[in-house]
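Letter by letter, the chains look like this.
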Amino acid sequence: KNWKDGIKKLETNMIEIYTRDGCNFCEKAKELLSIEKAPYTEINLTKGEATREQVLERIGGQSAWLPVVIVDDKYIGGYEDLVEHFAKEQLENGH
């Protein structure tokens, strides 16, 4: 499976999350996505689905900790940024 394959467009948010095994914030981010019922594509570095270099290239060479979260092809950050993304989305949708 190529690291750029398998990204599905569902509703407006297309979410990619780059993770590794044993990463607490990666697990928290995936839990949040499940709670929000947000479909996402996980790319696990431990399983060899991408390399760190490929992740850095994907986000424009910025330095980043895992998880790396990309929404609608835009790098938003990590777990805390994902929390903010959903909070902002709920405000905009009036929930």
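It should be noted that the structure appears before, not after, this text.
Everything numeric here is computed off the predicted structure, so don't read it as measured data.

Now for the environment of K28. Mapped onto the elements, K28 comes out in helix α1 (residues 24–35). On the basis of relative accessibility, which here comes to 34%, the residue K28 falls in the partly exposed class.

Time to look at the pattern of salt bridges. Throughout the structure, instances matching the rule amount to four salt bridges. The partner of K30 in a salt bridge is E42, and the shortest N-O contact between them spans 3.1 Å. Within this pair, whereas K30 is found in helix α1, its partner E42 is found in strand β2 (residues 40–44), the two being separated by 12 residues in sequence. Via salt bridges that share partners, E16, R58 and D73 belong to a single interconnected network.

Pairing within the open sheet is mixed, and its four strands lie in the order β2-β1-β3-β4. Each having just a single partner strand, β2 and β4 (74–77) make up the two edges of the open sheet. Each strand axis lies, on average, 25° off the axis of its neighbour in the sheet, ignoring direction. Where strand β3 (residues 68–71) meets β4, three bridges bridge the pair, whose relative direction is antiparallel. Its bridge partner being in β4, V69 is matched across the sheet by G77. Along the sheet, α1 makes contact with β1 (15–19) and β2, crossing β1 at roughly 155°. Sitting on the sheet, helix α3 (residues 79–92) touches β1, β3 and β4, and the angle it makes with β4 is about 105°.

All right, on to the state of the cysteines then. Taken as a whole and judged by the stated rule, the model has one disulfide. What pairs with C23 in a disulfide is C26, and their sulfur atoms sit 2.3 Å apart. Across the disulfide from C23 to C26, rotation about the S-S bond amounts to roughly 80°, and the bridge is consequently right-handed. The pair C23 / C26 is uniform in exposure class, with both members buried.

Definitions and cut-offs
Residues numbered from 1 in each chain as written. Predicted model: local features only at pLDDT ≥ 70, side-chain atom pairs only at ≥ 80, totals over all residues. Heavy atoms only, no water. Helix = DSSP H or I, 4+ residues; strand = E, 2+ residues; numbered from the N terminus. Buried < 20%, exposed > 50% of the residue type's maximum accessible area, 1.4 Å probe, protein only. Salt bridge = Lys/Arg side-chain N within 4 Å of Asp/Glu carboxyl O. Pairing = 2+ DSSP bridges. Axes fitted to C-alpha atoms, helices over the stretch in contact; angles between N-to-C directions. Contact = heavy atoms within 4.5 Å. Disulfide = S-S within 2.5 Å.

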